[in-house]
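# Working through the structure, step by step
Chain by chain, the residues:
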Amino acid sequence: MDANPLYKDASINKALIQELRAGKRKNILFYYPLQQEANILKALYRLRKKHRIFLPFMVGKSFKMVPFRLPLQKKKFQIFEAGNSLYDRKKIDIAIVPVVGVDGNFQRVGFGKGMYDRFFEKLQERPYTIFIQRDLCCTRQKICDSYDITADLMITADKKIIKRKYRC
């Protein structure tokens, strides 16, 4: 029997908190989860005390980062967003990115809009990137395009996978 999504999310939150507490990186881009994505809100709320947390704010076909602050509002694609901000940060230390799956190059298979790809293209330097998914969904085939983002680490409910040790 498959584990319950609440159990899987708790496991992911625990692993994510451990991973982020270990480093000295302070500027973190989180995502606010949709129903089908791993719910990482426990990690977000716990880590916001000692880190600068940012959320995506949809702008055209991509997004910009805005500081995490309440209240959040439900916007396009049923995504909760913090209010718009003039704060324009071009560098972050860590990006936490939801994925549908990964391919043979450890590249992101997402939801088909390319928003993260466009966003990463605009950054001054590539952040340490963590992919999040409840269940490992991968293929050995190389199905992504060259511009699709890759991760340094992937966290699922039952494992952490480092890019250099990746094997689907």
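As the structure is a prediction and not an experimental result, all values here were calculated from the model. (Residues numbered from 1 in each chain as written. Predicted model: local features only at pLDDT ≥ 70, side-chain atom pairs only at ≥ 80, totals over all residues. Heavy atoms only, no water.)

## Thoughts on the overall build of the protein
A tally of regular secondary structure across the protein gives three helices and 11 strands. In the protein, the order of α-helices and β-strands from amino to carboxyl end is α-β-α-β-β-β-β-β-β-β-α-β-β-β. Buried residues in the protein amount to 46% of all 168 residues. Here the analysis covers contacts within the protein between residues at least 6 apart in sequence; of these, 66% occur between residues at least 24 apart. (Helix = DSSP H or I, 4+ residues; strand = E, 2+ residues; numbered from the N terminus. Buried < 20%, exposed > 50% of the residue type's maximum accessible area, 1.4 Å probe, protein only. Contact = heavy atoms within 4.5 Å.)

## A word on unusual backbone geometry
Even without a glycine there, the phi angle at F106 is positive, about 65 degrees. Within the fold, F106 resides in the loop between β7 (101–102) and β8 (108–109). The class of F106 is buried, set by a relative accessible area of 1%.

## Thoughts on the pattern of salt bridges
Summed over all chains, the structure comprises five salt bridges. Residue K91 pairs with E125 through a salt bridge whose shortest N-O separation is 3.9 Å. Of this pair, K91 sits in the loop between β5 (80–81) and β6 (94–98) while E125 sits in the loop between α3 (115–122) and β9 (128–132), placing them 34 residues apart in sequence. Judged by relative accessible area, which is 32%, K91 ranks as partly exposed. (Salt bridge = Lys/Arg side-chain N within 4 Å of Asp/Glu carboxyl O.)

## Let's talk about the environment of A151
With respect to the element layout, A151 can be found in the loop between β9 and β10 (153–155). Through-space distance from the C-alpha of A151 to that of K163 is 6.7 Å; in sequence the pair is 12 residues apart. Once residues within four sequence positions are removed from consideration, A151 is found in contact with F106, R126, T129, F131 and K163.

## What to know about a positive patch on the surface
Where like charges cluster on the molecular surface, the positive patch consists of R21, K24, K26, K42, R46, R48, K49, K50 and R52. Mapping K50 onto the fold places it in the loop between α2 (41–47) and β2 (52–59). (Patch = residues over 30% accessible without salt bridge, like charges linked within 9 Å, V, L, I, M, F, W, Y side chains within 5 Å. Areas by Shrake-Rupley, 256 points an atom, 1.4 Å probe, with all protein chains shown as cover. Lys, Arg positive; Asp, Glu negative; His and termini not counted. Charge placed at Lys NZ, Arg CZ, Asp CG, Glu CD.)

## Focus on the side chain of R134
In this fold, R134 is placed in the loop between β9 and β10. Of the polar contacts made by the side chain of R134, one reaches the backbone oxygen of E37; its length is 3.1 Å. Ignoring any residue separated from it by four or fewer positions in sequence, one finds R134 in contact with P5, K8, D9, I12, Q35, Q36, E37, A38, N39, T156 and A157. (Polar contact = N/O pair within 3.5 Å; in protein donor to acceptor, adjacent residues only side chain to side chain.)

## Some remarks on the pairing of β2
By the criterion of burial, β2 is predominantly enclosed, with six of the eight residues buried. One ladder, built from three bridges, connects strand β1 (residues 27–29) with β2; its direction is parallel. Within β2, the residue paired with N27 across the bridge is R52. This β-α-β element, β1 to α2 to β2, shows right-handed connectivity. (Pairing = 2+ DSSP bridges. Right-handed = clockwise from strand over helix to strand, strands pointing away.)

## Points about the state of the cysteines
Counted under the stated rule, the structure contains zero disulfides. No disulfide involves C137; its sulfur sits 7.0 Å from that of C138, the nearest cysteine. (Disulfide = S-S within 2.5 Å.)

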